[in-house]
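Take a look at the letters that make up each chain.
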Amino acid sequence: MSIEKYTRNFLKEVEERVEEGHWVKMCMQCGVCAGSCPLGAHWEHTPQKIFMMIRAGKREEVLSSDSMWMCTSCYQCIVRCPRKLPITHIMHGLAYLAKREGLAPKNQPTAQFGQLFWDNLIKTGRVNELKLSLGMYFKDGFSQGIKNAMAMQSVGMGMMKAKRLNPMEIMGGHGVKDKSGFQAMLKKARELEDGRRKLA
Amino acid sequence: MAKKQYSFYPGCSSQSGASSSNYLTSTQSMVNLLDVQLNEIPDWNCCGASIGYAGGGELPRIALSARNLALSEQHNPGQEVVATCAACWLATREAKERLDHSATLLAETNEALKEAGLVFKNEAPPARHMVEVLIEDIGYETLKSGVKKPLEGIKFAGYVGCQTNRPFGIDGESFENPMYLDRMVESMGGEAITNYDQKVTCCGGALAFSEPEKSQKQIHDIIESAYDHGADMIVTPCPLCQANVEIYQGEVNKRYGKKFNIPVTYYSQLITVAYGGSSKDAALDGQIIRATKLEDIANK
């Protein structure tokens, strides 16, 4: 696909390529979302700014912002928005587009964790919490992984003692029976979405 | 009266050896005591949770929920889907909402489902949360009438959190100050701290794991306010809220120089104990910070 088609109209691109992106033009810049976000202190740009930047055509700045990755999916912005914009979903959609376009900030922990989570769940159809935790601890290599795991040792031991973390999950753990049907379904879904949204 | 039956979606974290296995154990005890039957959706899969967007995009995420809904239509026809996990409930309800509003998404979803030999007919009503079953289908008065051991002398900070509240709401209540958890506590004979000001604060969600230095302030505030209001324990309807607020107390103590050590329980554990279930029925052995006051009542 040719990105050139969009360079002078990022809003149009967002409407066509981002989950719930057609809502962005409805933002009236009141800032309630900005004041409602629990991670507001850590955003590079508030949702309000992101929406204005989209209209101003700032494609690179928006897609490389770390802001969308701070979304905890608390839905505070959605329920407070006077125009009823599904802000949470737009943030998720922008983050996903940024990632697919290779513009998401490098080594962003939540972006990395999100991908680990997805890869983890599609393997068996159900999340394996042990492998997910280990995957996150060891994402920056073996020695850092050991350090991370040691730092969190008391948390892990408490979980194991309460039988809420099972070391045997490393052997495979829970999953759906129809794994091949499940994976074929997701492959098809991704193919269809990639086609419609022109994701490479 | 015919037993109430629902198509049940337990979710990944509820499975044996997983982080909210105590939620499922106590839910099973609770529904037995309330004479409600949960029919598990056969071969259900993960809902994608709130962080699934990063790797999954929109359609694959919707397909996850649609597969569960299609399996429910096929195996538990005519039954409403009920979830105990906030993210499971939210994702399932959201997916149906999107599919209701977009013929394109519905067609594509069914094209994907065909690969798994399934079809989503979109016949069932929106998925429901277990607390809706308790409040709307059973009701506070009926809940109260079955109490054998009132939870007297225990002060609960009812921590609702985000997703068992926003964006869909429970029983038409306000997003800023929902009262349902407090009313459930009171129905069980416990003392609800109705002015607990952190009841709808976000626990950090997945960021409690990926960005602890940014999100632990959330957990800190939730716990500190419970202490400030004299709570003996926190009670919540959400498995991620429970896990984040309970298991990271040691980490929060290190970061903020505190000595927090407050139990975080589920409403299903409260009801099980109040209805005469044992500590084991209520899965109180699954607490990392023991809820001793609740154990004392269960062992009475």
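These numbers come from a predicted model, not from an experiment. (Residues numbered from 1 in each chain as written. Chains lettered and ligands numbered in written order. Predicted model: local features only at pLDDT ≥ 70, side-chain atom pairs only at ≥ 80, totals over all residues.)

Peer 1: Please set out the overall build of chain B residue by residue, giving values where relevant.
Peer 2: Looking only at helices and strands, chain B features 14 helices and eight strands. Against the globule reference of 19 Å for 300 residues, chain B gives a C-alpha radius of gyration of 19 Å, in line with a compact fold. The principal-axis extent of the C-alpha atoms belonging to chain B is close to 55 × 50 × 35 Å. Taken across its 300 residues, chain B has 63% of its residues classed as buried. Restricting the contact set of chain B to residue pairs at least 6 apart, pairs at least 24 apart contribute 77%. (Helix = DSSP H or I, 4+ residues; strand = E, 2+ residues; numbered from the N terminus. Rg over C-alpha atoms; globule rule 2.2 N^0.38 Å. Buried ≥ 20, exposed ≤ 12 C-beta atoms within 10 Å, placed from the backbone. Contact = placed C-beta atoms within 7 Å.)

Peer 1: Could you give an account of the packing of helix α10 (residues 212–228) of chain B against helix α12 (residues 249–256) of chain B, with specific residues and numbers?
Peer 2: Residue and element names in this part refer to chain B. Contact pair α10 / α12: the axes reach a minimum separation of 10 Å and the direction vectors enclose 100°. With respect to α12, the axis of α10 lies roughly perpendicular. On the side of α10, the interface is formed by Pro212, Gln216, Ile219, His220 and Ile223, while α12 contributes Gln249, Glu251, Val252, Arg255 and Tyr256. Tallied by class, the residues present in the contact of α10 with α12 amount to five nonpolar, three polar and two charged. (Axes fitted to C-alpha atoms, helices over the stretch in contact; angles between N-to-C directions. Parallel < 35°, antiparallel > 145°, perpendicular 65-115°, else oblique. Nonpolar A, V, L, I, M, F, W, Y, C, P; charged D, E, K, R; others polar.)

Peer 1: How would you sum up the interface of chain B and chain A? Please name residues and give values.
Peer 2: Each partner contributes to the interface: chain B provides 51 residues, whereas chain A provides 55 residues. Tallied by class, the residues present in the side of chain B that touches chain A amount to 21 nonpolar, 21 polar and nine charged.

Peer 1: Requested: an account of helix α13 (residues 267–274) of chain B, with residues and values cited.
Peer 2: Residue and element names in this part refer to chain B. Most of α13 sits out of view: eight of its eight residues are buried. Where α13 is concerned, the buried positions are Tyr267, Ser268, Gln269, Leu270, Ile271, Thr272, Val273 and Ala274. In the core, the buried residues of α13 are packed alongside α1 (21–33), α6 (130–138), α8 (180–187), β7 (233–236), β8 (264–266) and α14 (292–298).

Peer 1: Outline the domain arrangement of chain B, supporting the account with residue identities and numerical values.
Peer 2: Residue and element names in this part refer to chain B. The assigned domain composition of chain B is domain 1 (4–129) and domain 2 (147–298). Taken over C-alpha atoms, the centre of domain 1 sits 25 Å from the centre of domain 2. The partner domain 2 presents 24 residues to the 20 residues of domain 1 that form the contact. Counting residues per element, the ones that place at least two in the side of domain 1 that touches domain 2 are α1 and α4 (86–101). No other element matches α1, which puts nine residues into the side of domain 1 that touches domain 2. A class-by-class count of the residues in the side of domain 1 that touches domain 2 yields eight nonpolar, 11 polar and one charged. (Domains from an automatic or database assignment.)

Peer 1: Just give me the short version of the nonpolar core, but keep the residues and values in it.
Peer 2: Ranked by size, the top nonpolar core spans 159 residues in total, and within it Ala95(A), Ala63(B) and Val235(B) carry the most contacts. Apart from the residues within four sequence positions on either side, Ala63(B) is in contact with Met185(A), Leu186(A), Ala189(A), Thr109(B), Ala112(B) and Leu113(B). (Core = buried A, V, L, I, M, F, W, Y, C linked by C-beta atoms within 7 Å.)

Peer 1: Describe the pairing of strand β2 (residues 36–40) of chain B, listing the residues and the values that go with them.
Peer 2: All names here are of chain B. Where strand β1 (residues 4–9) lies against β2, five bridges are found, and the strand directions are parallel. When the bridges of β2 are listed, glutamine 5 appears paired with glutamine 37. In this view, the connection linking β1 to its parallel neighbour β2 by way of α1 has right-handed handedness. (Pairing = 2+ DSSP bridges. Right-handed = clockwise from strand over helix to strand, strands pointing away.)

Peer 1: Requested: an account of the domain arrangement of chain A, with residues and values cited.
Peer 2: If you check the domain split of chain A, you get domain 1 (4–106) and domain 2 (109–194). Distance from the C-alpha centre of domain 1 of chain A to the C-alpha centre of domain 2 of chain A: 28 Å.

Peer 1: Run through the sheet that holds strand β5 (residues 155–158) of chain B, naming residues and quoting values.
Peer 2: Residues and elements named next belong to chain B. On the basis of which strands lie adjacent, the open sheet formed by four strands has the order β6-β5-β7-β8 and parallel pairing. Pairing within the sheet leaves two strands with one partner each, and these edge strands are β6 (191–192) and β8. Both β7 and β8 contribute to a ladder of three bridges, which runs parallel. The residue of β8 that forms the bridge with isoleucine 234 is valine 264. Along the sheet, helix α11 (residues 239–247) contacts β7 and β8; its crossing angle with β8, the most-contacted strand, is approximately 160°.

Peer 1: So, the environment of Pro239(B): which residues are in play, and what are the values?
Peer 2: Residues and elements named next belong to chain B. Mapped onto the fold, proline 239 is located in helix α11. Its 25 C-beta neighbours within 10 Å are what place proline 239 among the buried residues. Along the primary structure proline 239 and glutamate 111 are separated by 128 residues, whereas in three dimensions their C-alpha atoms are 33 Å apart. Residues in contact with proline 239, not counting those within four places in the same chain, are Ser13, Ser19, Ser20, Tyr23 and Cys85.

Peer 1: Account for the sheet that holds strand β4 (residues 128–129) of chain B, with residues named and values stated.
Peer 2: Spatially, β2-β1-β3-β4 (chain B) is the arrangement adopted by the four strands of the open sheet, whose pairing is parallel. A strand with exactly one partner marks an edge of an open sheet, and here the two such strands are β2 and β4 of chain B.

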